[in-house]
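# Commentary on secondary and tertiary structure
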Amino acid sequence: MTEEEIVKKYFAPEHIDSIKNFNGRLIVTLKNIPEQAAAAEQLKAELSVLDGIKKVSIVFSQTSQPAGMAPEIEKWRINGVKKIIGVASGKGGVGKSTTAVNLGLALANLGQKVALFDADIYGPSLPTMLGFENTPPISYDGKMFEPFQNFGVKAMSIGSLIDRNTPLIWRGAKACGAIEQLLTETNWGEIDVMVIDMPPGTGDIQITLSQRIDFDGIVIVSTPQDIALIDAIKGVNMFKKIGVKILGIVENMSYYICEKCGHRADIFGHEGARQTAEKLGETFLGEIPLHIKIRENADNGTPIVMAEPDSPHTKAYEEIAAKIIDELK
Ligand SMILES: Nc1ncnc2c1ncn2[C@@H]1O[C@H](COP(=O)(O)OP(=O)(O)OP(=O)(O)O)[C@@H](O)[C@H]1O
Ligand SMILES: [Mg+2]
């Protein structure tokens, strides 16, 4: 019998969302049914003995709760990881991924064992920024995913499981199920700090991730304009409502220094994030200038913290990283 035929013995076709085989690591995603642990266990046992199958995971992508019962929100277990911080923004395109990656590398420069995790289903960019191939993760022992490693940090991206040209099909619970798989079934080893690049915004996916990931704190990235700051405030409020600590706000693309004449231009305004942080009673973590090298290095796979370790930009990231280490104590 094929994998699909076996799954169909247990679940009706309308509940089978996908059956994917990554080098012998089989992930069956079911939809629109409450979790059925006993059937899942039997199905798992039956699939596990098929030729070439090393590990089977069954994901219920939409688990409906009986009416009147408040869902018990259980945190995902991410083995070996001591602290987890999320890098989030209310608005897309403000430099969240650039900040997450450089911050991760800056934390590593300060002696931390770092893992970077790209949870941005709308636009995974870690593979590009860290220069690893966007191929499915390699299986380790046939049971766990093996993280990518570059510049002394470990990394995993949801971009490894999805076609980056069509990420929109990965909406909702299905995306969360895939993120859970990658987070909990990767062989991270010993990690002091995991930095998670969150999807931008404050929708259902962001809320679910914030409830399920055992965050020690969130770094909010914003550019200085009002429009970005309004969304940053929404982000801060969302995390607070869920009970996740805000580590502070970073102002990205804060100012521009002309390389030729040294003139400073506050292209998007300046200090907006600092003032917003003060108003909200949150920590202002620091400012990162708008600089062409930050963009170029992010795009070519060697982030500025690695490409130019002595630059003032790297120092700026390291100062923010030091504050974060302090806050995590
Ligand atoms: N401080 C900076 N100076 C110059 N360019 C920057 C800076 N920060 C980010 N960029 C550039 O701006 C663009 C958007 O940044 P990035 O991809 O990090 O944003 P994002 O918030 O993760 O976006 P998305 O919401 O699409 O995931 C990228 O081309 C990046 O290289
Ligand atoms: Mg991004």
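Residues numbered from 1 in each chain as written. Chains lettered and ligands numbered in written order. Predicted model: local features only at pLDDT ≥ 70, side-chain atom pairs only at ≥ 80, totals over all residues.

## Structural notes on the overall build of the protein
Secondary structure assignment for the protein yields eleven helices and 15 strands. The C-alpha atoms of the protein give a radius of gyration of 21 Å, which matches the 20 Å a tight globule of 329 residues would have. Its C-alpha atoms give the protein principal-axis dimensions of roughly 70 × 45 × 35 Å. Residues counted as buried form 43% of the 329 residues belonging to the protein. (Helix = DSSP H or I, 4+ residues; strand = E, 2+ residues; numbered from the N terminus. Rg over C-alpha atoms; globule rule 2.2 N^0.38 Å. Buried ≥ 20, exposed ≤ 12 C-beta atoms within 10 Å, placed from the backbone.)

## A few points about helix α7 (residues 226-242)
If you check α7, its first and last C-alpha atoms are 25 Å apart, about what 17 residues at 1.5 Å a residue would give, namely 24 Å. Taken together, the buried positions of α7 are occupied by A228, L229, D231, A232, G235, V236 and F239. Looking down the long axis of α7, one finds its buried residues gathered within 160 degrees of arc, a one-sided arrangement. Every exposed residue of α7 that faces more than 90 degrees away from the buried side is listed here: D226, I227 and K241. (Expected span 1.5 Å × (residues − 1). Arc of directions from axis to C-beta.)

## Some remarks on the site of ligand 1
Taken together, the neighbourhood of ligand 1 is formed by 21 residues, with G92, G95, K96, S97 and T98 sitting nearest. If you list the elements that add at least two residues to the shell around ligand 1, you get α3 (96-109) and α9 (292-299). For the shell around ligand 1, the leading source of residues is α9, giving four residues. (Near = placed C-beta within 6 Å.)

## Thoughts on helix α5 (residues 172-184)
Here α5 spans 19 Å end to end across 13 residues, near enough to the 18 Å set by a 1.5 Å rise per residue. Among all positions in α5, only A175, C176, G177, A178, I179, Q181, L182 and L183 are buried. In the core, the buried residues of α5 are packed alongside β2 (25-30), β3 (55-60), β5 (114-118), β7 (144-146), β9 (153-157) and α6 (204-212). (Contact = placed C-beta atoms within 7 Å.)

## Re the sheet that holds strand β4 (residues 81-88)
Strand order in the open sheet formed by eight strands is β8-β9-β5-β10-β4-β11-β12-β15, and the pairing between neighbours is mixed. Looking at which strands have only one partner, the edges of the open sheet turn out to be β8 (148-150) and β15 (284-288). The average undirected angle you get between the axes of adjacent strands in this sheet is 25 degrees. Helix-sheet contacts for helix α8 (residues 272-280) involve β11 (217-222), β12 (246-252) and β15, and the interaxial angle to β12 is about 160 degrees. (Pairing = 2+ DSSP bridges. Axes fitted to C-alpha atoms, helices over the stretch in contact; angles between N-to-C directions.)

## A short note on the domain arrangement of the protein
By a widespread convention, an interface's size corresponds to the accessible area lost as its parts come together. Domain boundaries assigned for the protein yield domain 1 (3-60) and domain 2 (81-328). Once you take the C-alpha centre of each, domain 1 and domain 2 turn out to be 33 Å apart. Every element with two or more residues in the side of domain 1 that touches domain 2 is listed here: β1 (16-22), β2 and β3. Of the residues that constitute the side of domain 1 that touches domain 2, the class distribution is three nonpolar, four polar and four charged. (Domains from an automatic or database assignment. Nonpolar A, V, L, I, M, F, W, Y, C, P; charged D, E, K, R; others polar.)

## Focus on the confidence of the model for the protein
Per-residue pLDDT for the protein averages 88, and the proportion of residues at 70 or more is 91%. Here strand β6 (residues 138-140) is the element of the protein with the lowest mean pLDDT, 65, and strand β10 (residues 191-197) is the one with the highest, 98. Of the regions scoring below 50 in pLDDT, residues 63-70 engages in four contacts with residues more than four places distant in sequence or in other chains. (pLDDT = per-residue confidence, 0-100.)

## Comments concerning the sheet that holds β2
The strand order β1-β2-β3 describes an open sheet built from three strands, whose pairing is mixed. The open sheet terminates on both sides in strands that have one partner only, identified here as β1 and β3. Between one strand and the next, the sheet's axes are offset by a mean angle of 10 degrees, whatever the strand orientation. Sheet topology places β2 next to β3; six bridges connect them, and they run parallel. Within β3, the position partnered with I27 by the bridge is S57.

## A look at the packing of α3 against helix α11 (residues 312-328)
Direction vectors running N to C along α3 and α11 enclose 75 degrees, while the axes themselves pass 8 Å from each other. Taken together, α3 and α11 sit at an angle that is classed as roughly perpendicular. Side by side, α3 and α11 meet where N102, L103, A106, L107 and N109 of the first sit next to Y317, E318, I320 and A321 of the second. Looking at the contact of α3 with α11 residue by residue, the class counts come to six nonpolar, two polar and one charged. (Parallel < 35°, antiparallel > 145°, perpendicular 65-115°, else oblique.)

## A closer look at the pairing of β5
Of all five residues in β5, five are buried; the element is thus mostly enclosed. Burial along β5 is two-sided: V114, L116 and D118 and A115 and F117, pointing in opposite directions, are all buried. Note: β5 against β10, five bridges, orientation parallel. If you follow F117 over to β10, its bridge partner there is I196. Sheet topology places β5 next to β9; four bridges connect them, and they run parallel.

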